[in-house]
Amino acid sequence: VVFENSATASKAVAKEIADLIRVKQAQKQPCILGLATGSSPKGLYVELVRLHKEEGLSFRNVVSFNLDEYYPMEPDSVNSYVRFMKEHLFNHIDILPENCHIPDGLLSKEGIADFCDQYESKIESLGGIDIQILGIGGNGHIGFNESGSLQNSRTRLVALDHITRVAASGDFSGLENTPRTAITVGVKKIMEAKRVILLAWGERKANIIKASTEGEVTSRVPASFLQEHNNATFILDKAAASKL
Ligand code: GLP
């Protein structure tokens, strides 16, 4: 779906999420959201905060699972996804802290596999992700599932692509300070989400949006797996859609 600009697109996505949260509230059910970081979902979080403050949307029944975190990473670090989520969303709404899940950047290496298994089990025990929000990397990564990630990949520790590290290096004041690894929810759990919404804005995403939506389904472009999802939508502004 192509919108005039990212602001109107973000509002439409926020409305879909708010509607589902309210339906689940009426049913006394939790609403399970898969959340993303990066610049793409910022406008969505602004709008969700506005709906909370101005229209009384409550997040008490929301349970969230973030896609990824750098590893290693201190939660208080300026570049941690914990910090990002607090600053852009969690600190401004009434979601319960115990309902917010983000991969733990402080784990010991030996503890990562168990943590990842438990992360997936928790999602499963709640009935799976209702709405999964995604951004997309310039190389087609979703979460930190880089090129080469398989369609059935699990939540795991991954090595970051050089191009991903270069893109992030500005935040870390140089490539040498940029993490080499991250923990990411695998493609399999993303594909199991009942609804997937991928957000992409701007000219710089136009080529990868074309490859992901019109190119072959390939692990070289993990976002292309979404062609096989039965309820996935790419939400684009005009610039990101300009090569379609
Ligand atoms: C990082 C995140 C991804 C995100 C990507 C794109 O790599 N781990 O989840 O989709 O950045 O970022 P942006 O939205 O800033 O373009």
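Residues numbered from 1 in each chain as written. Predicted model: local features only at pLDDT ≥ 70, side-chain atom pairs only at ≥ 80, totals over all residues.

### As for the overall build of the protein
A tally of helices and strands in the protein yields 7 helices and 10 strands. In terms of C-alpha radius of gyration, the protein reaches 17 Å, essentially the compact-globule figure of 18 Å for 244 residues. C-alpha extents for the protein along the principal axes are approximately 45 × 45 × 35 Å. For the protein, buried positions account for 41% of its 244 residues. In the protein, once contacts between residues fewer than 6 apart in sequence are set aside, the share between residues at least 24 apart is 78%. (Helix = DSSP H or I, 4+ residues; strand = E, 2+ residues; numbered from the N terminus. Rg over C-alpha atoms; globule rule 2.2 N^0.38 Å. Buried ≥ 20, exposed ≤ 12 C-beta atoms within 10 Å, placed from the backbone. Contact = placed C-beta atoms within 7 Å.)

### Side note on the site of the ligand
The environment of the ligand is made up of 13 residues, and the closest members are G38, S39, S40, G135 and G137. Considering only residue class, the shell around the ligand consists of 4 nonpolar, 8 polar and 1 charged. (Near = placed C-beta within 6 Å. Nonpolar A, V, L, I, M, F, W, Y, C, P; charged D, E, K, R; others polar.)

### Quick notes on unusual backbone geometry
Here Y71 and P72 are connected by a cis peptide whose omega angle stands at -5°. Mapping P72 onto the fold places it in the loop between β4 (68–71) and α3 (81–88).

### A closer look at the sheet that holds strand β5 (residues 100–101)
The strand order across the open sheet formed by 7 strands is β1-β10-β9-β6-β2-β3-β5, and the pairing between neighbours is parallel. For this open sheet the edge positions go to β1 (2–3) and β5, each flanked by a neighbour on one side alone. One ladder, built from 2 bridges, connects β1 with strand β10 (residues 232–237); its direction is parallel. Paired with V2 across the two strands is L236, which belongs to β10. (Pairing = 2+ DSSP bridges.)

### Some thoughts on the sheet that holds β4
What the 3 strands build is an open sheet, ordered β4-β8-β7; its pairing is antiparallel. Both outer strands of the open sheet, β4 and β7 (156–159), are each paired with one neighbouring strand and no more. Each strand of the sheet is rotated relative to its neighbour by a mean of 30°, with strand direction disregarded. Bridging between β4 and strand β8 (residues 181–184) involves 4 bridges; their strand directions are antiparallel. Residue pairing in the sheet places E69 in a bridge with I183 of β8. (Axes fitted to C-alpha atoms, helices over the stretch in contact; angles between N-to-C directions.)

### Regarding the UniProt feature "domain: Glucosamine/galactosamine-6-phosphate isomerase" (unreviewed entry) in the protein
The sites that UniProt annotates as "domain: Glucosamine/galactosamine-6-phosphate isomerase" (unreviewed entry) are residues 6–233. Annotated as residues 6–233, this span is 35% helix and 15% strand, and its ends, taken at the C-alpha atoms, are 15 Å apart. (UniProt positions renumbered as here; feature names shortened; annotations may be inferred.)

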